[in-house]
Structures are given as C-alpha cells and as structure tokens.
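As a plain string of letters, each chain reads:
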Amino acid sequence: MSSETTTMRRLSSANFRRGKPIAINVDGVPHSAYEGETIAGALLATGTKSWRHTRHAHPRGMFCGIGVCFDCLVTVNGTPNVRACVTPVAEGMVVKTQHEAEATNG
Ligand code: FES
C-alpha cells in the first residue's frame, strides 16, 4: 500500500464520527444539528450564509471561522453578540439572527 493510499484512508469519511443529533431553534424555526458542531456549522448546513446585518445593511455570516472577526454574531438563549463560529450547539438552544442595533461592530 502506498503512502498516498494510506493518507487517503486516514482522511476518508469513515474515520469521522458525527455527534448525536440534537434540536436547535433558529429565529423560531426548528433545525437539526449534531453535537460537537458549531452554531455557524449548523447554520451553514441549512444553506444559511448570512445571519447578521451591519448598520449599512450589509449581510454578514462566517468570515474568519476562528473567533477573530466577530462577523458571525448571533443571540443565543437571550445573550447577544455570541460568536457562532466558536460556540458549539446544544440541545434546545435558541438562536436569533442579529441586526445592527444589537451588534457590537460592523
Ligand atoms: S467568523 Fe470570525 S469571529 Fe466568527
């Protein structure tokens, strides 16, 4: 077996274990997610690409993906300005998209 084949085997989907399915709510709509994924990951999996607007009405979603840019802010269980890219989903979590008045930057 070549080293390339070995590398491909390590990267195959069979080696990834998905967390158990959980339910979250986004803007009043039930969504499924998986334990271990971030809010941003769950939103992107639904096809949602932006979930915040700047004061100039520019859409924002995930940009850096590592908690640095604050473009991905959402309100979680009533707490505003939570970074979706570094916050894991939890069973029953209530996520609200944000608009400029609630956001801290942009
Ligand atoms: S995408 Fe940059 S902080 Fe979340």
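Residues numbered from 1 in each chain as written. Predicted model: local features only at pLDDT ≥ 70, side-chain atom pairs only at ≥ 80, totals over all residues.

Now for the overall build of the protein chain. The helix and strand inventory of the protein chain stands at two helices and seven strands. Each helix (α) and strand (β) of the protein chain, taken in turn from the N terminus, gives the series α-β-β-α-β-β-β-β-β. Here the protein chain, with 106 residues, has 23% of them falling under the buried criterion. Within the protein chain, counting contacts between residues at least 6 apart in sequence, those at least 24 apart form 40% of the total. (Helix = DSSP H or I, 4+ residues; strand = E, 2+ residues; numbered from the N terminus. Buried ≥ 20, exposed ≤ 12 C-beta atoms within 10 Å, placed from the backbone. Contact = placed C-beta atoms within 7 Å.)

As a further point, take the pairing of strand E3 (residues 50–53). Bridge count for E3 against strand E4 (residues 59–61) is three bridges, and the pairing is antiparallel. Of the residues in E4, the one forming a bridge with His53 is Pro59. Hairpin connection of E3 to E4: five residues between the antiparallel strands, including Ala57 at a positive phi of 65 degrees. (Pairing = 2+ DSSP bridges.)

Confidence in the prediction for the protein chain averages 87 pLDDT; 80% of positions are at 70 or higher. Note that residues 102–106 has pLDDT below 50 and, in this model, 13 contacts with residues that lie over four places away or in other chains. (pLDDT = per-residue confidence, 0-100.)

Another aspect to go through is the sheet that holds strand E5 (residues 73–76). In spatial order, the strands read E2-E1-E7-E5-E6; together these five strands make up an open sheet with mixed pairing. Of all the strands in the sheet, just strand E2 (29–34) and strand E6 (79–83) have a single pairing partner and so form its edges. Ignoring which end each strand starts from, the neighbouring axes of this sheet average 40 degrees apart. Bridge count between strand E1 (residues 21–26) and strand E7 (residues 94–97): two bridges; the pairing is parallel. Residue Asn25 lies in a different strand from E7, and its bridge partner there is Val94. (Axes fitted to C-alpha atoms, helices over the stretch in contact; angles between N-to-C directions.)

Turning our attention to the pairing of E5. By the bridge criterion, three bridges tie E5 to E6 in an arrangement that is antiparallel. Bridge pairing links Val74 to Val82 in E6. Joining the antiparallel neighbours E5 and E6 is a turn of two residues, in which Asn77 adopts a positive phi near 50 degrees. As paired strands, E5 and E7 are joined by three bridges and run antiparallel to one another. Bridge pairing links Val74 to Thr97 in E7.

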